[in-house]
Amino acid sequence: LFDQQNCCCTHARTYTHAMMSNSHNGTYIGCFLHNISERALGGIMLYDLRKMTSSLCQDTCSESGYQFAGLEYGAECHCGNRINSPQVAEEDCSLACRGERGSPCGGVGRLSIYKVQEQMPGHRKFRNAHQRGCFKLGNNTTNNFPIHSFQTNLTSQSCIETSRSYQPGLFQLPDKNKHTKKKQTALLDSRCKERMFLPQRSSSVVALSSFPGAGNTWVRHLIELMTGYYTGSFYFDGTLYSKGFKGEKDFWRSGRSICVKTHESGKKEIEMFDSAILLIRNPYRSLMAEFNRKCAGHLGHASDAQWKSKEWPEFVSSYAPWWASHALSWLKFGRHLQVIHYEELQRALLPQLRLITAFLNITATEERLICAQSNQDGYFKRPGAQQPYFDPFTPHMRQMINTFIHTVDAALQSRNFSGLPREYIHR
């Protein structure tokens, strides 16, 4: 916000995948290991499954204050200020970006990393800075706008650059949501169509944590239906935002979302949350769902050729251990956990939804619960057809995955949670 000469700075962190130029001149460094034990970059993450480009990733990381941009699996962008893993053979990063050809865009558990070009003041486009509206300047503005700068030739660009020079996440915009109009989606009926951000910012942040492919988006959809409040995300997925998950663009620690999606499993990242819903799904199903998403987006299916390619065994080798370590880490470091099994949600939806609302300390009306049940599929339920005609799991893969299942099952029971459903091994 700025008037003719005064710049008042606050921070409302959002990410966008609006159309970006392909003129970014960062320096390509190489292909680096990026798996559960060695994460190459530890900053933010951006998904764009349809039109990811190296320029989009570099611009996003540069404008968010990071020095490095890394691309994985042709559609995922990671940012960070330090490379934390070893460099590997260049042929490991052989996948093309979904939105362009000719630029390395990572591989399975591999990042193509660029050193982003620092943009000079006055030339930064700040595509992830958005006008939030006109606000009345109160008598005490320092609560919301603690940074003040007087500039004789003030422009919106110089005001944004001033705010970017201070640490993000410390300040808050006044809440205008009381007067915003909400869009009705075609999917929802009148009993649960209205959703909003929390009317009062919460001082605690609740994680909705899961391994990728475990149904996090589905559970977010159910939570939004039954509570009426948006869920947030540790990442940004433009496809989800365009389908009504408005919390995707909100800073994850803003306190405006009922809970926050995360797939993180490091001790530091886990301890940033005050409590967590830990969503666990059969690893066989999770691995197939995530491989489908990486190959063909939220609703598509990997082709038989992709299931038979070298990418599938590499994916299982990298991601199966992550399925186990994700659950084990949250059981070890998570504070105030509620464990939810995906299969139990499918079998007994309403009782499980009541458990979730009680954990979130939300009173959901019976009408909203029934509405959530009636509209449970949402936009991102992948059709059940078009699975591979053969079993993609080799005996060696099964032996490894079953060992992980027994380990997680024992850890759950040692924490006095119910063990994993029996069908996890006998699919």
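Residues numbered from 1 in each chain as written. Predicted model: local features only at pLDDT ≥ 70, side-chain atom pairs only at ≥ 80, totals over all residues. Heavy atoms only, no water.

Per an unreviewed UniProt entry, the recorded name for the protein is WSC domain containing 1, and the organism is Hippocampus comes. Of the comments in the UniProt record for the protein, the one headed Sequence similarities (unreviewed entry) reads "Belongs to the WSCD family." (UniProt positions renumbered as here; feature names shortened; annotations may be inferred.)

(A) Examining the overall build of the protein more closely. Along the backbone of the protein there are 12 helices and 13 strands. Of all 427 residues assigned to the protein, the portion counted as buried reaches 54%. Total accessible area computed for the protein in this model is approximately 20000 Å², and 49% of it derives from carbon and sulfur atoms. (Helix = DSSP H or I, 4+ residues; strand = E, 2+ residues; numbered from the N terminus. Buried < 20%, exposed > 50% of the residue type's maximum accessible area, 1.4 Å probe, protein only. Areas by Shrake-Rupley, 256 points an atom, 1.4 Å probe, with all protein chains shown as cover.)

(B) A look at the environment of Ile425. Inspection of the secondary structure assignment puts Ile425 in the segment after helix 12 (395–414). C-alpha separation for the pair Ile425 and Thr403, spaced 22 residues apart in sequence, amounts to 9.7 Å. Non-local contacts of Ile425, meaning those with residues more than four positions away in its chain, are made with Asn402, Ile405 and His406. (Contact = heavy atoms within 4.5 Å.)

(C) Summary view of the state of the cysteines. Inspection of the entire model under this criterion finds four disulfides. Residue pairing for Cys31: its cysteine sulfur links by disulfide to Cys93, the two sulfurs lying 2.0 Å apart. A torsion of 80° about the S-S bond marks the disulfide between Cys31 and Cys93 as right-handed. Residue Cys31 is located in strand 2 (residues 27–33), and its partner Cys93 is located in the loop between strand 5 (76–80) and strand 6 (110–115); the two are separated by 62 residues in the primary sequence. (Disulfide = S-S within 2.5 Å.)

(D) Here's a closer look at the sheet that holds strand 9 (residues 232–233). Taken in spatial order, the five strands line up as 9-11-8-12-13 in an open sheet, and their pairing is parallel. Among the strands making up the open sheet, the edge pair consists of strand 9 and strand 13 (337–341). Pairing of strand 8 (residues 206–210) with strand 12 (residues 275–280) involves five bridges; the strand directions are parallel. By the bridge assignment for strand 12, Ser210 is matched with Leu279. On the sheet, helix 3 (residues 216–227) packs against strand 8, strand 9, strand 11 (260–262) and strand 12 and is oriented at approximately 145° with respect to strand 8. Strands strand 8, strand 12 and strand 13 of the sheet are contacted by helix 10 (residues 349–359), whose axis makes an angle of about 160° with strand 13. (Pairing = 2+ DSSP bridges. Axes fitted to C-alpha atoms, helices over the stretch in contact; angles between N-to-C directions.)

(E) Main features of helix 6 (residues 283–296). Along its 14 residues, helix 6 runs 19 Å from first to last C-alpha, staying within 8% of the 20 Å computed at 1.5 Å per residue. The buried fraction of helix 6 is high, at 12 of 14 residues. Inspection of helix 6 places Pro283, Tyr284, Ser286, Leu287, Met288, Ala289, Glu290, Phe291, Asn292, Arg293, Lys294 and Cys295 among the buried residues, and these make up the whole buried set. Put simply, Asn282 is the residue that caps the front of helix 6, since its side-chain oxygen is 2.9 Å from the backbone nitrogen of Tyr284. Two residues or fewer after helix 6 comes Gly297, characterised by a positive phi angle close to 85°. (Expected span 1.5 Å × (residues − 1). Polar contact = N/O pair within 3.5 Å; in protein donor to acceptor, adjacent residues only side chain to side chain.)

(F) Up close: unusual backbone geometry. Despite not being glycine, His336 has its phi angle at roughly 55°, a positive value. Inspection of the secondary structure puts His336 in the loop between helix 8 (311–333) and strand 13. The class for His336 is exposed, based on a relative accessible area of 54%. The phi angle at Asn361 is positive, at roughly 60°, despite the residue not being glycine.

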